[in-house]
Amino acid sequence: MPISPIKTMALGLMMLGAVPAFAQAPPAALPDAGDFPRQPIRIIVYTSPGGLIDFTARRFAEIARRHAPEQPFIVINRPGGGGIVAFEEVLQQPADGHHMLAVTRSNISKMVATGRDDLIERIDWHSYIMENPHVVITNSARGAGSWDEVYREALAAGDRQLWLGADIGGVKHVSGVKIARAAGIDMRWIPYSSGGEAMAALLGNLGTVYLGNPRDALASPDLRVVAVAGPERLSAFPDAPTFAELGIPGLENEHIWRGFAFRQGMPEEVRDWYTALIRKVTSDPDWIAGWANEAVVLGYRSSEEFGRMVARDQAEFAFYLREMGLLREPGSRETLLAGIGEAPAVHFLQALLVILNVVLALALLRSSFRHRFGELMILSVVTSLAIVFYAMSSALPPPNPVDRVGASGIPRLWIALLLPLALWQTWLILRQKKDPMHKKKPLLLFGFLGFMSCYVLLIPILGYLLASLVYLPGILWYLKYRKPVMIGALTAGWLLFSWFVFQETLFVDLPRGALLPALMRGLG
Amino acid sequence: MLELLLSGIGTVMAPVPLLAIVAGILLGVMVGAMPGLSPSMGVALLVPFTYGMSPMIALILLVAIYIGASYGGSITAITINAPGTPSAVVTAMDGYRMTCQGRAARALGISVVVSAVAGVLGTLVLIFLSVPLAAIAVGFHPAEYFAMALFGLATIASLAGANWMKAFLAAVLGLLINTIGTDPISGADRFTFNVTRLSDGFALIPALIGLFALSEVFSSIEERKFKATSPAALGGGWPRLVDYWRLKMVTLRSAIIGTIIGVFPGAGATIASFISYDLARRLSREPERYGQGSEEGVAAAEGANSGSVGGAMVPLLTLGIPGSATTAVLIGAMMIHKLTPGPQLFLSSPELIYGIFAAMLVGNLALLVIGLAGGRLWVQVTLVPKKVLFTMVSMMAVIGAYAVRNSMFDVLCCLGFGILGWVLRRYDYPLAPVILGMVLGSIAETNFRRAIMMDGGSVFFSRPLAAIMLVLAVLSFLLPVLSRLRGARVA
């Protein structure tokens, strides 16, 4: 079904509605920031390619290139830990402004939930650029078609009404809990790996509600926005009431914002350069038009205001995540090892198992089973690891009436399968008296492994190119490949290939190494 | 519909779209063949270059990259035992064995032809059956996803060969490794030892490169297999038309399996490849050749892998929902070009949709031409002196593992998995079950727990489809094991 004329008109109006946010015209030219930027500007995105924040960063990079053509803007995906990996990477870079972080409100909930508030404190929350309220979406073709129906169904279902969404303890989960409380209903949050999977489940009528971004509802005509957790109705969905209109106040600020941040300590003139650039991009007609179909509210807020928003969100997430039992607080859970202190007990167990494995290795090398040394050691290490995992699993959230398996259930099942299999296999090996198959001479391999390990360990010190320059001819020589011209050609070819393809074309930041910069500083 | 499709083909058969298709396939094949670069990364890297293009040309280019990259992973899987994607692991099991036997050309030929044919079949299914398939996919309960994952895991019994005990151990090891990282349901960190890089578990690509490519290098150096392949051994090794014809049923079946499983969001090409391989083995007249360099094995894996591309496009185009990592990037690209994927796109821009369909059909034909021509070049890899080859594979492993997340931690993991793979290989533990456990473990666990959260434990029996699939999964696991046990007792 095409977007109705009303929706099209509404989207246009929403676009116009964004204009007052830019009533104050952006500066005509970017302020002078000395020789900045001296290198390509990297926009670090904390998710894999795809998804709204990745898309935001790529669209920003595209328009920013027009306003600051001196250097390219490169989008780099650093997924992991809900943003922790990306934040840590930016914090490891110099505070010179060449690495910017594309951030969302989800980062705050993740940092709070994992006890990494320090990352929030060390970031310069530079510019807020947009937000969209969370909306309650239903499958109107097969389920509830209005908030009233959702409400009545919830009263009938008790705590068995299913709300589908992404990420446990994330922004939407917290909003879902707040909405349910404010409305006086119970709901069961079913976390999916992605919003797309949750929406598919809603279309399959596997749940009643999907809590998501307004644009999600544009995907299918069956999806209907039945309530908006924002201050006013969305022009893209003029029929969807706000919670305040439904008589449920206090849900005017359930949203996800997006913006840009940097490592603290950036020179003031670079900060001003970015302020001007971001305002230019966010006022660009192409930027505004590009978001017209996405049901977002565009705007610009300075770092002071953005910082206050972040601080408010941090406090709010800490409160709700604690109430929901999702805040990681050491010692808050009853565990098998609680009596003697969970961490020391696990450390003791780890140390004990390491010692036992070393003793076993020495004993095996002197025994008649040394021809099966590797296999027996693998079995022993795997068994030890399984025992450590079992001990650690006692600190995981236990099963509860909703998640009856709990975080430890499946790992314990695998451990229960692994241990007898490993013991049985060990028994089978011990029964075999002699195995002539494994009379191999791994000395050459051990040398190769040693070379390769040194190479990997040297990369962070010497840098990728220099370490490769040493390793490649060295290892070929070690393998007795004695053709100096070929070795030289291969080395030069590889270095050129890796630099051109990975560094220059694919923007993979090959490690530069700590040694050369340190030497340069020393000399300078 | 046919009218629209013919019009789409007419649109695509112009110089600029054809150029976009050929360029996309070429780039995709290169991306896929480079360990460390996935199809989704390849498509994302090329998105900025499409800003100035019309939406039609941009999407044709990106879809062509997707098709090329999905195939490209098989090249390194066959030639150097370095599967670029988890689904290419299955291709490597027989493909690399064929290379070791001096039949690399045959393996490469089969993989490209079956990929292209399966790609065309998957696209035809997408064109004619996308709406009913999407309706089935969205109604799939987590209990059924769990059963599907179990089905995938049950293929261990087939992969195991004579060492079924060792195969189970390897699979459980993979499953246990898979539990490292953030628990998908409670959000708690599991077994990460406070290492941030482990909060999402081990990255799969470095693990794959280590377990397969590096361990192969280590084993070969240990056994001092430095003898170069003779060029004569490769001569005339390309399959003939009659050879492809012999594989018609396997190709057809694996394409259908790939397409259907690819439709389910989150399931994907890996489960499809394993199930297709398992089924092909069970229905084969020569099951004992699987894992030893079977042409049918290569065809079964590649057919499912390529078929899944068409499948993954079904939820994207019909519902606006990404069915795979690459289609998530394609959604972003569509948004950049101000298109909202979903059913309304069929009505508002049918010429675009059918243009994409036509591009997928033509793209697979282009893949056939480029793949067969390029195969002549790829096969030369096997002629490189082994000492040079091993060194270059170790270099490729390091840079490939690093490129996934720009992380030296991943490089260390890759090396660790390489050593693990070497030890396991040394004592005849199969490696594919480790990857199977690492890929399917989280799908099985998440959906098992999600199903119970939604409808209680009885849901596995109250939903007929889930119950039937579970029974079939258990039978497909138990029957080969019992028959082997009985065989051992008789012997």
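Counting starts from 1 at the beginning of each chain's written sequence and moves along it residue by residue. Note on labels: chains are lettered from A, ligands numbered from 1, in written order. Local features in this predicted model are restricted to residues of pLDDT 70 or higher, and side-chain atom pairs are both shown and tallied only at a pLDDT of 80 or more, whereas totals for entire chains, interfaces and linings draw on every residue.

1. A word on the overall build of chain A
- We count a stretch as a helix when DSSP gives it H or I for four or more residues in a row; a strand needs E for two or more, and each element gets its number in order from the N terminus. Counting its secondary structure elements, chain A contains 18 helices and 11 strands.
- Once C-beta atoms are placed from the backbone, any two residues with those atoms within 7 Å are in contact. When contacts within chain A are restricted to residue pairs at least 6 apart in sequence, those whose partners lie at least 24 apart make up 75%.

2. A word on the domain arrangement of chain A
- Boundaries between domains were set according to an automatic or database domain assignment. Segmenting chain A into domains produces domain 1 (5–132 + 255–323), domain 2 (135–228), domain 3 (338–438) and domain 4 (443–523).
- Taking only C-alpha atoms into account, the centre of domain 2 of chain A sits 43 Å from that of domain 3 of chain A.

3. With respect to the packing of helix α14 (residues 406–431) of chain A against helix α9 (residues 164–178) of chain B
- Inter-axis angles, ranging from 0 to 180 degrees, are taken between N-to-C directions of lines fitted to C-alpha atoms, where helices are fitted over the stretch in contact. In the contact formed by α14(A) and α9(B), the axes pass within 9 Å of each other and the chain directions differ by 150°. As α14(A) runs across α9(B), the sense of the crossing is left-handed. On α9(B), the residues that touch Pro411(A), Trp414(A), Ile415(A), Leu417(A), Leu418(A), Leu421(A), Ala422(A), Trp424(A) and Gln425(A) of α14(A) are Met165(B), Phe168(B), Leu169(B), Val172(B), Leu175(B) and Leu176(B). Two helices crossing with the near one rotated counterclockwise from the far one by less than a right angle form a left-handed crossing, whereas a clockwise rotation gives a right-handed crossing.

4. Some remarks on the interface of chain B and chain A
- Contact residues are listed per partner, giving 83 residues for chain B and 90 residues for chain A.
- Ranked by the residues each element gives to the side of chain B that touches chain A, the list is headed by helix α19 (residues 386–405) of chain B, at 9 residues.
- Residues that form the side of chain B that touches chain A fall into these classes: 50 nonpolar, 19 polar and 14 charged. When residues are sorted by character, Ala, Val, Leu, Ile, Met, Phe, Trp, Tyr, Cys and Pro go into the nonpolar class, Asp, Glu, Lys and Arg into the charged class, and all the rest, Gly among them, into the polar class.

5. A closer look at the pairing of strand β3 (residues 99–104) of chain A
All names here are of chain A.
- A large share of β3 lies buried, amounting to 6 of its 6 residues.
- Residues His99, Leu101 and Val103 point to one face of β3 and Met100, Ala102 and Thr104 to the other, with burial holding for every one of them.
- Strand pairing is assigned whenever DSSP detects at least two bridges linking the two strands. Bridge count between strand β1 (residues 41–45) and β3: 4 bridges; the pairing is parallel. By the bridge assignment, arginine 42 is partnered in β3 with histidine 99.
- The pairing of β3 with strand β10 (residues 255–263) spans 4 bridges and is classified as antiparallel. Its bridge partner being in β10, alanine 102 is matched across the sheet by phenylalanine 260. Any residue with 12 or fewer other C-beta atoms within 10 Å of its own C-beta is exposed, any with 20 or more is buried, and the rest are partly exposed; the C-beta atoms used are placed from the backbone.

6. Topic: the sheet that holds strand β9 (residues 223–228) of chain A
Residues and elements named next belong to chain A.
- Strand order in the open sheet formed by 5 strands is β7-β6-β8-β5-β9, and the pairing between neighbours is mixed. The open sheet has two free edges, formed respectively by β7 (188–192) and β9, since each of these has just one partner strand. In this sheet, neighbouring strand axes are inclined to one another by 30° on average, regardless of whether the strands run parallel or antiparallel.
- Bridge count between strand β5 (residues 135–139) and β9: 5 bridges; the pairing is antiparallel. Considered in β9, the bridge of valine 135 is made with valine 228.

7. Observations regarding the environment of Val125(B)
Residues and elements named next belong to chain B.
- Its place among the elements puts valine 125 in helix α6 (residues 104–138).
- For valine 125, a count of 22 C-beta atoms within 10 Å puts it in the buried group.
- As a C-alpha pair, valine 125 and threonine 76 span 49 residues in sequence and 29 Å in three-dimensional space.
- Contact partners of valine 125, with chain neighbours within four places excluded, come to Thr259 and Gly310.

8. Quick look at the nonpolar core
- By size, the foremost hydrophobic cluster in this structure holds 330 residues, and its most contacted members are Ile43(A), Leu101(A), Ile60(B) and Leu62(B).
- When residues in this core are grouped by element, the largest group, 20 residues, is from α6(B).
- When neighbours within four sequence positions are excluded, Ile43(A) is seen to be in contact with Ala57(A), Phe60(A), Ala61(A), Phe73(A), Ile74(A), Val75(A), Ile76(A), Met100(A) and Ala102(A). Any set of buried Ala, Val, Leu, Ile, Met, Phe, Trp, Tyr and Cys residues joined through C-beta atoms within 7 Å is what this text calls a nonpolar core.

9. Remarks on the sheet that holds β10(A)
All names here are of chain A.
- Strand order in the open sheet made by the 6 strands is β2-β1-β3-β10-β4-β11, with mixed pairing throughout. In the strand order of this sheet, the two ends are held by β2 (73–77) and β11 (297–301), each with one partner. Strand-to-strand, the axes of this sheet are offset by a mean angle of 25°, without reference to chain direction.
- Direction of pairing for β1 relative to β2: parallel, over a ladder of 5 bridges. Opposite valine 45, over in β2, you have asparagine 77 as the bridge partner.
- Those strands touched by helix α3 (residues 84–92) are β1, β3, β4 (123–133) and β10, and its axis lies near 155° from that of β3.

10. As for the confidence of the model for chain A
Residues and elements named next belong to chain A.
- The score called pLDDT rates the predictor's confidence residue by residue, from a low of 0 to a high of 100. Averaged over every residue, the pLDDT of chain A is 85; the share at 70 or more is 90%.
- Here residues 1–24 is modelled with pLDDT under 50, and outside its nearest four sequence neighbours on either side it reaches 32 contacts, counting other chains as well.
- Note on residues 331–341: pLDDT is under 50 here. Beyond four places in sequence and across chains, it has 10 contacts.

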